[in-house]
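# Coordinates in review
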Amino acid sequence: MAGATRTPLVRADASRPEAVASLAMAIAVGLIAVGIASLFGLVPIDAAIGGVPTVTALGGLLVVLGAAVIGLGVGSALGYIETEPSPNAGLVATVGFAFVWFVLGGLTASLVLEGGLAWLPAGAVTGGAAFAMTAATREDIGSTLPAGAVAIVVGGTFLTGTIGPVWVWDLGFEQQASMTATFLVPAATIACGLLAGWAAATAYGGFGARGRRMGAYLLIYVNASAIIGVLFLLIAFTAVRGIPGLLTGATVGSGVGPTVSVLGVSVTLPVAVPFVMNGVSLLNDFQGVLPAIVGTVWLVVGAVVLAVPLGVGAAVFLTEYAERGRLTQAVEVATNGLWSTPSIVFGLFGFTFLVPRFGGNKSLLAGMVTLGFMLLPLVLITSREALLAVPDEYRDASAALGVSKWQTIRSVVVPAALPGVVTGTILGVGRIAGETAPILLTMTGGTFVSGDRAADVIGGFAFTSQPPFVTNPELLQATTALPFQLYALITAGVGLGDNVSNPVEFQWATAFVLLLVVLSFYAVGIGARYYFRRRLRHE
Amino acid sequence: MTVALVASLVGFLLASPFTALPVALFLLAAGVGWVRYQGLTARVLTFAMTIATVLILLLITVYITVESIPVIRYETTTVFGVPVPGLRLFTETRWDAVAEPIRYSMVPMIHGTVMVTTIATAVAAPLGVAAALFLSEIAPGAVREVVKPGVEILAGIPSIVYGFIGFTILSPWASEQFRTTGQGSYLFVGIVVGLMALPTVVSVAEDALSSVPESMKSGSLAMGTTDWQTMTSITIPAAFSGVSAAVLLGVGRAIGETMAATVMLRGVPQLTEPLYNVFYGQETLTSLIANNYGNAHGLQMDALFLAGVILFITVLAISIGSQYIEWRMHRKLGGEV
Amino acid sequence: MSETTPTTKTDRPAKTDQSTEADQPTEADQPANEPDVTTAADATNGDGATHTTAGETDEQVREEWREYDFEGMAKFAVEDLDVHYGDDHALQGVSIEIPENSVTALIGPSGCGKSTFLRSLNRMNDRIKSARVDGSVRIDGQEIYQDGVNLVELRKRVGMVFQSPNPFPKSIRENIAYGPEKHGDIETGPLARLLGRSDAAARDRLVEECLRDAALWEEVNDRLDDNALGLSGGQQQRLCIARCLSVDPEVILMDEPASALDPIATAKIEDLIEQLSEEYTVVIVTHNMQQAARISDQTAVFLTGGELVEYGDTDQVFEDPHSERVEDYITGKFG
């Protein structure tokens, strides 16, 4: 049969070429790191690394990298390195290389020839050549030569100073824009690093199926670490920028904090963080965002009160009572539709539907209901999943004992699904707590709200003899919330200076507090999931 | 009880101050029912809650559509003598609510949304699918336990925070890099929005990839293929519809993303010159609403609602499309729907 | 169990629980110097066949029960193989030599490690992250648990058929051609077509050959482009065997290949296994003792705790087992 290829079961020792390949991979990863660092301005490209101008150093490394990659390929082709190359590099690599060379050729042509459509044939020629080259040769040549050549060409332009630190290319758009070296050099370095790193990883795996696996894994690992890196960077950056503002005027010591009375017992807190304990007023030493925090809390509470019973109830009906059919299908489509409806559309809806019904003003209540509507599909979907995950044996066992359906649901099904519901709700709340767009249209208050105007919902209830008999001015008043406050701070821009001594710090601190509030919901949610899963395993 | 509920609903719809009366009646009836016939009451209540979900979607559709009708009527053009309502919204490119002739063309915003969504998809789709592959097939247990919550947290960072960082850091930086006049570019809004759509793509695609039966993967591995070959030839093709549904949902998220676009874009509704100039960012459908709701009234407000309708319909279509694709995949794999 | 299965094997009489029971009074065979036999086992044995024992009797496994001399070459030589799943000890010091071009059956109650043993022969246990393997497995004298082993090559030589049919969601043709294409032996991709070196004809020859060898050609030759998931269970399993043959393996491992099939499909698979054993080394796990007796040349019995208790010629193991526990097992007293 097709057993044409018989390779030895145990691979011979191939440590030297592997060392070259891993060195090349290390250079590539290093170049990517330097490229990212210089994109963020941490390694300025007009400076020097160890006496050598950055651009020249990058160019040199790129040339070395390209040469190493080509060396690996040629070495394998000439039989110096024991590999198992496939007959060709595969369709993906071929098309990829063709594209890269098309772009490279086209860019060069349009730079040299200045305009016109000359870039098109030039790109087609280089792209076509790369395509033919990759497709027609064996994998060890086909997947290294084009990649190495890109690195050498790009590195060469850096080395020779064709593209130096002050290089600028006016794109000639009507709305003026230019490509500068500060962007192009790092970006090109990263791209070449990825390409050559992939080729080196392929060579490291000895080409063939194992080599491609290595190459793909390298890219996937880089991708995963990049995502985690971005996340870490975002949070760390906001924290570093936000903490000074948050801690402005913060003091620790007994009796310095404001007095809080809980159930008639007054406690004076031992810490004072004015940023989260004050509002904004002329008399304050330090301004804060207390009303926004209180507003956010009330919003979340309102949304949860509305959405959780509704969502869980609907989920119970769908999983326990309803037959699978038109209705469940319609509800599923509607829920998923609601889930993906843009938040601004919820805002518009709240604006036209809810606001006129709650006294005609933007109000806390309208915001609550709008966010509740947003939370509803999330709660419904996660509760549904949790309920479906409850094994039918539980229901059968309970039913076999002669317990009525509702009793079964209440005492067996819902408790078993509770962990899922709780976790899903917390994560959903984290999501809506940070939403800005809907409350923009339903609940906006002023940018700076004084501390004594923090919403006091419980104290606001009053009964009247007029319809609708229950009134709560606090609910019907506009208040503010953290996300909106941040938006207002951004749009207010320069005007901030009058109210806050250090507007930039104030903005970052607001962003940080918002991030803290939302992420703590997520931390609790994810923690709860781990806790429940752990407990489930132990039982 | 049902009567009371319907009555309160009607009252609410009519914005009547007497709404509280049927609400109270309903609560009373529900309370009595709960005490006396708990099972039946629960069933009816949960059914009502189910209906409420569908009702909300219907209400949204009806209310924002109704609000947008005047502007559709205003922007009527005649084609071959037949008046076509709303056609001028898409044939002209002028948006001007102040100076004559007053026009509310949606074209610049649609262009902006398309630009941002394209860039965001180019970022989120490949990275998201690769990350999903990593999570479901490649990552060792411990790494997975770190990366998966990480992706979830990425979804949790409020869009306004992304927007704020984009506005204060990315926009000035990009403006300096590309020597543009003023700040705000579709390129960077697209990248930020792509980052925000990424978690959606990752989690949905990961679900799809893990739903491919283990026996299929083992079957391929036992043939002596590498796990990468198994992924590309068995797992991804088998989960293809699920993965494309994930990308579609990501696109939906990107279209509807509001705050990052609002604070990072210029807020001037016009086309970029040339059309593919990604270094300038004007206005998207979402940012149009967020930027103008405050000072808009009359026809302009209705035009904002029209933008909302366009968004809503597009995203709803995408959502339904992706559900259909997922449903087909489950049927093909022989699993439960 | 497939009591109703038409027995197609004629050179070896099919055995049922009753016949073995009748042939050999259990008490008589019990070695006198066996110190560890519990009274519970005695009681059940004495009371006849209607009882089930609570578990297995305690007895010392003897080395000679596991020795089996055969003519010809050994394909696999396994020495002191231990497999742990986390804290679970799934296989305990298994040593066994498996002869070439024959059918070796692995039987035993569920959870006795026979599947684990099978999966350690082509290192499919590597998939399970908590699995730890100690000991030595040699194929044709080459150790497969050492650094630098090419898993691709190993699994090409040692093919595997799984418990439930697992065809890929592709066409029948693509299912068969999958292995050779992935190993680069056949090229039919767009690039190969572009360069004019597509092996479509060679592929079609291979597909036909494999399907004929798996006794499936007649049934599917007119619908090679249909999705393989549309076949019946038995056809799917034979397709999986054909798929396994396509990479020209030396050994075929089968993990209860007929357990999900009806009696007629099972009979077809059993016929096929017998044919295959002329050219390939077949190692088959089964919980169906009649099946093992029908199709295998030699039988290895694993009992609880992952121990290999007895290994020998199938006739000997079924008719005259050395171990009392094995006898209890094959007479249906437990398991």
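Thresholds, definitions, all that
Residues numbered from 1 in each chain as written. Chains lettered and ligands numbered in written order. Predicted model: local features only at pLDDT ≥ 70, side-chain atom pairs only at ≥ 80, totals over all residues. Heavy atoms only, no water. Helix = DSSP H or I, 4+ residues; strand = E, 2+ residues; numbered from the N terminus. Contact = heavy atoms within 4.5 Å. Areas by Shrake-Rupley, 256 points an atom, 1.4 Å probe, with all protein chains shown as cover. Buried area = accessible area lost by both parts, 1.4 Å probe. Salt bridge = Lys/Arg side-chain N within 4 Å of Asp/Glu carboxyl O. Buried < 20%, exposed > 50% of the residue type's maximum accessible area, 1.4 Å probe, protein only. Pairing = 2+ DSSP bridges. Axes fitted to C-alpha atoms, helices over the stretch in contact; angles between N-to-C directions. Patch = residues over 30% accessible without salt bridge, like charges linked within 9 Å, V, L, I, M, F, W, Y side chains within 5 Å. Nonpolar A, V, L, I, M, F, W, Y, C, P; charged D, E, K, R; others polar. Core = buried A, V, L, I, M, F, W, Y, C linked by side-chain atoms within 4.5 Å. pLDDT = per-residue confidence, 0-100. Phe/Tyr/Trp six-rings, centres within 6.5 Å; stacked < 30°, edge-to-face > 60°.

### A closer look at the overall build of chain C
Per the secondary structure count, chain C includes 14 helices and 10 strands. Residue pairs in contact within chain C that sit at least 24 positions apart in sequence constitute 70% of those at least 6 positions apart. Here chain C displays about 13,600 Å² of accessible surface, and carbon together with sulfur accounts for 44% of that area.

### Here we look at the environment of glycine 30 of chain A
With respect to the secondary-structure elements, glycine 30 of chain A resides in helix α1 (residues 15-39). Here the alpha-carbon distance between glycine 30 of chain A and leucine 514 of chain A, two residues 484 residues apart in the chain, equals 35 Å.

### Comments concerning the interface of chain B and chain C
Taken residue by residue, the interface counts 21 residues in chain B and 25 residues in chain C. In this assembly, chain B packs against chain C so that about 1,800 Å² is buried in total across both faces, 62% of it on carbon and sulfur atoms. Where chain B meets chain C, there are zero salt bridges. Of all the secondary structure elements, the ones that give two or more residues to the side of chain B that touches chain C are α9 (214-222) and α10 (227-238) of chain B. If you tally residues by element for the side of chain B that touches chain C, the top one is α9 of chain B, at nine residues.

### Observations concerning the side chain of threonine 116 of chain C
Residue and element names in this part refer to chain C. Along the polypeptide, threonine 116 turns up in helix α4 (residues 114-121). The exposure class of threonine 116 is buried, given its relative accessible area of 10%. Once residues lying within four places of it in the same chain are set aside, the contact partners of threonine 116 are Val83, Tyr85, Ala90, Leu91 and Asn125.

### A look at the sheet that holds strand β7 (residues 251-255) of chain C
All names here are of chain C. With respect to topology, six strands assemble into an open sheet ordered β6-β7-β8-β3-β9-β10, the strand pairing being mixed. The open sheet terminates on both sides in strands that have one partner only, identified here as β6 (158-161) and β10 (307-313). On average, each strand axis in the sheet is inclined to that of its neighbour by 15°, with strand direction left out of account. Note that β6 and β7 share four bridges and pair parallel. Residue pairing across strands places valine 158 opposite valine 251, the latter belonging to β7.

### Thoughts on the sheet that holds strand β1 (residues 74-85) of chain C
Residues and elements named next belong to chain C. Taken together, four strands build an open sheet; the order of strands is β2-β1-β4-β5 and the sheet is antiparallel. Whereas interior strands pair on both sides, the edge strands pair on one side only; in this sheet they are β2 (88-99) and β5 (142-143). Relative to strand β4 (residues 131-139), β1 is paired through eight bridges, and the arrangement is antiparallel. In the strand pairing of β4, valine 83 is matched with valine 133.

### Topic: a nonpolar patch on the surface
A cluster of nonpolar side chains, namely Ile36, Phe40, Leu42 and Leu233 of chain A, defines an oily patch on the protein surface of about 430 Å² accessible area. Here phenylalanine 40 of chain A lies in the loop between α1 and β1 (48-49).

### A closer look at the interface of chain B and chain A
Taken together, the contacts link 101 residues of chain B with 99 residues of chain A. Joining chain B to chain A, the criterion identifies two salt bridges. Notably, a salt bridge pairs arginine 213 of chain A with aspartate 227 of chain B, separated by 2.5 Å at the nearest N-O pair. With 19 residues, helix α3 (residues 38-74) of chain B is the largest single contributor of residues to the side of chain B that touches chain A. When the residues that make up the side of chain B that touches chain A are grouped by side-chain class, the tally is 66 nonpolar, 27 polar and eight charged.

### Topic: the nonpolar core
Ranked by size, the top nonpolar core spans 230 residues in total, and within it Phe158 of chain A together with Ile60, Ile64, Met106 and Ile160 of chain B carry the most contacts. Ranked by residue count, the leading element in this core is helix α8 (residues 186-210) of chain B, at 16 residues. Dropping the residues within four chain positions of it, phenylalanine 158 of chain A is found in contact with Val55, Thr56, Leu58, Gly59, Leu62, Ile163, Val185, Ala188 and Thr189 of chain A. Judged by nonpolar contacts, the second largest core, of 49 residues, contains Ala105, Ile186, Leu216 and Ala242 of chain C.

### Brief notes about the confidence of the model for chain A
Residue and element names in this part refer to chain A. Residues at a pLDDT of 70 or more form 79% of chain A, whose mean pLDDT is 78. Mean pLDDT values over the elements of chain A span from 50, in strand β9 (residues 462-463), up to 89, in helix α6 (residues 145-159). Confidence drops under a pLDDT of 50 for residues 1-5, and excluding neighbours within four residues, the segment shows 15 contacts in the predicted structure. Low pLDDT (under 50) marks residues 465-469, which in the prediction has nine contacts with non-local residues, meaning those over four places away or in another chain.

### Examining the pairing of β1 of chain C
The pairing of β1 of chain C with β2 of chain C spans eight bridges and is antiparallel. Among the inter-strand pairings, phenylalanine 76 of chain C is bridged to a residue of β2 of chain C, identified as isoleucine 98 of chain C.

### Re the packing of aromatic side chains
Residue and element names in this part refer to chain A. Taken as a whole and assessed by the stated rule, the structure comprises 20 aromatic pairs over all chains. When the ring of phenylalanine 317 is compared with that of tyrosine 321, the centres are 6.1 Å apart and the planes differ by 40°; the resulting orientation is tilted. Residue phenylalanine 317 and its partner tyrosine 321 are both found in helix α10 (residues 290-321); the two are separated by four residues, about one turn of the helix. For phenylalanine 317, a relative accessible area of 6% puts it in the buried group.

### Overview of the environment of isoleucine 107 of chain C
For isoleucine 107 of chain C, the location among the structural elements is in strand β3 (residues 103-107). Residues in contact with isoleucine 107 of chain C, not counting those within four places in the same chain, are Lys114, Thr286, Met289, Ala292, Thr299, Ala300, Val301, Phe302, Phe318, Tyr329 and Ile330 of chain C.

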